[in-house]
Amino acid sequence: MGVRGVVAASALVATLLSGCGDDAGAGAVAEDAAWRTSTDPVEVRGLAWAAGSTVHLADGTEIHTADPVRAFLVAGDGVFYEPLAQDEEDGSSFAGGPLYFAAPGREPVDTGLSAYDREIAASPDGTTLVLLDTDHDEGRAVLRFFDLATGEAFTSEDGMENDHDDPEWNLSEAEVHVRGVSDDAVYVSALEGNYVYDLATGEGRPAGEDDEPPGWDAGPSQSPDGRWRIEQRDTGPDRVVDRDGEEVDLVLEEPRSALSWWADEETVVGTVARGPGRGNRTRPGDAVSLLSCVMPSGECTTYPESTGQLVLFPAGSEIQGIYLQGGDE
């Protein structure tokens, strides 16, 4: 299985917040666009994954896109995604293409926005979409927020002043990106340093010593809230323990399981293998499928339809994607 890497995320925008500056680099976004106001929110918690042109949500909902998915986020009534370009073989990250929206049973639509690597995210509850909109020709950047519950949109230029002699060069060198998002704030590496922005208002301030994105110091083995930890073993299946070292009884149908990262504070993600191999090591003829388990019940779900697929996870996940071996390989 090949790990593809890590992508960060945030939210989106259209009208100006009072005192937040010009609408730098903004694309035209229809105020009456259906995706802007959520009427039937989808499940955003748990494990979401995509393979080909289908996004699978944690509750079993399938959302079909018009083209294979390159990267995606779950928010509002469906998923925001960037299609895979025709000359690309697999997904990797948001790379500067048009951003589409798809909902269950509905045709995908172009949002009028563009997404870039490490510049897009959604709040954990799926109600706010954030986009770091950069104009490298002008050396300008704004943070865009879309409140998907109300349809309100606004921008913020706090922390984005660029008075350098060569603003285009300065923007590129600053490595402006979204660092993470919590229930009420988005953390951004802005032109003026690390900033924290209120999701409800867009107001930003310089980050203090204690202002870090949720789980920023936790490795993939630890849940974002630090309550649970994966213990990987050389022999036998991986296990999950709590802060006191007590093991969670995982309800697994297959003994050959491996755990690798957390989709949220309660959902651990891994794989199961079936076939001629032994233990956690695979061999030709093994079929590998995606697995998720929920804490503290230990209830696990296996996704056999993921076998043999390149599986992508939402932007901002600890692991961006993996290729799962098929049984005939």
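Okay, so let's go over this structure. These numbers were taken from a predicted model, which means no experiment stands behind them. Sequence order as written defines residue numbering, which begins from 1 separately in each chain. At least 70 in pLDDT is required for a residue's local features to be given in this predicted model, at least 80 for side-chain atom pairs to be given and counted, and no such filter applies to totals for whole chains, interfaces and linings, which use all residues. As a rule here, side-chain values come from all non-hydrogen atoms in the structure, and water together with hydrogens is ignored.

## Here we look at the overall build of the chain
Keep this limit in mind: The secondary structure listing takes helices from DSSP runs of H or I that are at least 4 residues long and strands from runs of E that are at least 2 residues long, numbered from the N terminus. Think of it in three bands: residues with accessible area under 20% of the maximum for their type are buried, residues over 50% are exposed, and the middle band is partly exposed, with areas taken using a 1.4 Å probe on protein chains only. For this analysis, residues touch if any pair of their heavy atoms sits within 4.5 Å.
Check the secondary structure of the chain and you find one helix and 23 strands. Taken over 329 residues, the chain has a buried fraction of 48%. For the chain, restricting intrachain contacts to residue pairs at least 6 apart in sequence, the fraction spanning at least 24 positions comes to 51%.

## Structural notes on the state of the cysteines
Our working definition: Any pair of cysteine sulfurs within 2.5 Å is marked as a disulfide.
Within this structure, the stated rule accounts for one disulfide. Note on cysteine connectivity: cysteine 293 is disulfide-linked to cysteine 300, with sulfurs 2.1 Å apart. Disulfide cysteine 293 to cysteine 300: torsion about the S-S bond roughly 105°, handedness right-handed. In this structure cysteine 293 comes out as buried when scored by relative accessible area, which is 1%.

## Remarks on the pattern of salt bridges
Filter applied, for reference: Only one rule defines a salt bridge in this text: a Lys or Arg side-chain nitrogen within 4 Å of an Asp or Glu carboxyl oxygen.
Counted under the stated rule, the structure contains 10 salt bridges. The salt bridge involving arginine 179 is made with glutamate 212; its shortest N-O contact spans 2.6 Å. With a gap of 33 residues between them, arginine 179 in strand 12 (residues 177–181) and glutamate 212 in the loop between strand 15 (204–206) and strand 16 (228–231) connect regions that are remote in the sequence. The class of glutamate 212 is partly exposed, set by a relative accessible area of 23%. As a salt-bridge pair, glutamate 231 and arginine 239 come within 2.7 Å of each other at their nearest N and O atoms. You can call glutamate 231 partly exposed: its relative accessible area is 22%. By relative accessible area, arginine 239 is classed as partly exposed at 21%.

## Overview of the pairing of strand 6 (residues 97–102)
Regular strands have side chains that alternate between both faces of the sheet. This is how the line gets drawn: Strands qualify as paired when DSSP identifies two bridges or more between them.
Relative to strand 6, strand 5 (residues 78–83) runs antiparallel, the two being bridged by three bridges. For tyrosine 81, the partnering residue across the bridge sits in strand 6 and is tyrosine 100. In this sheet, strand 7 (residues 109–115) lies alongside strand 6 in antiparallel orientation, the contact comprising five bridges. Residue pairing for strand 7: leucine 99 is matched across the bridge by leucine 113. Between strand 6 and strand 7, which follow one another and run antiparallel, lie six residues, and glycine 105 among them has a positive phi close to 75°.

## A short note on the sheet that holds strand 19 (residues 267–274)
Under the convention used in this document: Inter-axis angles, ranging from 0 to 180 degrees, are taken between N-to-C directions of lines fitted to C-alpha atoms, where helices are fitted over the stretch in contact.
In spatial order, the strands read 18-19-20-21; together these four strands make up an open sheet with antiparallel pairing. Edge positions in the open sheet fall to strand 18 (257–262) and strand 21 (299–303), since each of these has one partner strand only. Between one strand axis and the next, the sheet turns by 30° as a mean value, whatever way the strands run. Relative to strand 19, strand 18 runs antiparallel, the two sharing five bridges. Residue pairing across strands places tryptophan 262 opposite valine 268, the latter belonging to strand 19.

## Let's talk about the sheet that holds strand 4 (residues 69–75)
Strands sit in the order 4-5-6-7 across an open sheet of four strands; the sheet is antiparallel. Of all the strands in the sheet, the pair left with one neighbour each is strand 4 and strand 7. Strand-to-strand twist of the sheet, defined as the mean angle between neighbouring strand axes without regard to direction, takes the value 30°.

## Describing the environment of glycine 279
Examined against the element boundaries, glycine 279 turns out to sit in the loop between strand 19 and strand 20 (287–294). Considering only alpha carbons, one finds glycine 279 and arginine 256, 23 residues apart in sequence, at a separation of 5.6 Å.

## Thoughts on the environment of histidine 64
Rules: The term polar contact refers here to a pair of N or O atoms within 3.5 Å; inside protein, the definition further demands a hydrogen-donor-capable atom paired with an acceptor-capable atom, and it admits residues adjacent in sequence only when both atoms are side-chain atoms.
The topology assignment puts histidine 64 in strand 3 (residues 62–64). Exposure remark for histidine 64: the relative accessible area of 44% places this residue in the partly exposed category. The spatial distance from the C-alpha of histidine 64 to the C-alpha of proline 104 is 7.2 Å, given a sequence separation of 40 residues. Those residues in contact with histidine 64, other than ones at most four positions away along the chain, are Ser53, Thr54, Ala102 and Pro108. A distance of 3.2 Å separates a polar atom in the side chain of histidine 64 from a polar atom in the side chain of threonine 54.

## Describing the side chain of arginine 36
We count it as follows: Positive charges come from Lys and Arg alone, negative charges from Asp and Glu alone, with His and the N- and C-terminal ends not counted.
Secondary-structure assignment places arginine 36 in the segment before strand 1 (49–51). One buried charged side chain, arginine 36, makes no salt bridge at all; its nearest oppositely charged neighbour is glutamate 31, positioned 6.0 Å away. There is a polar contact of 3.4 Å between the side chain of arginine 36 and the backbone oxygen of alanine 30.

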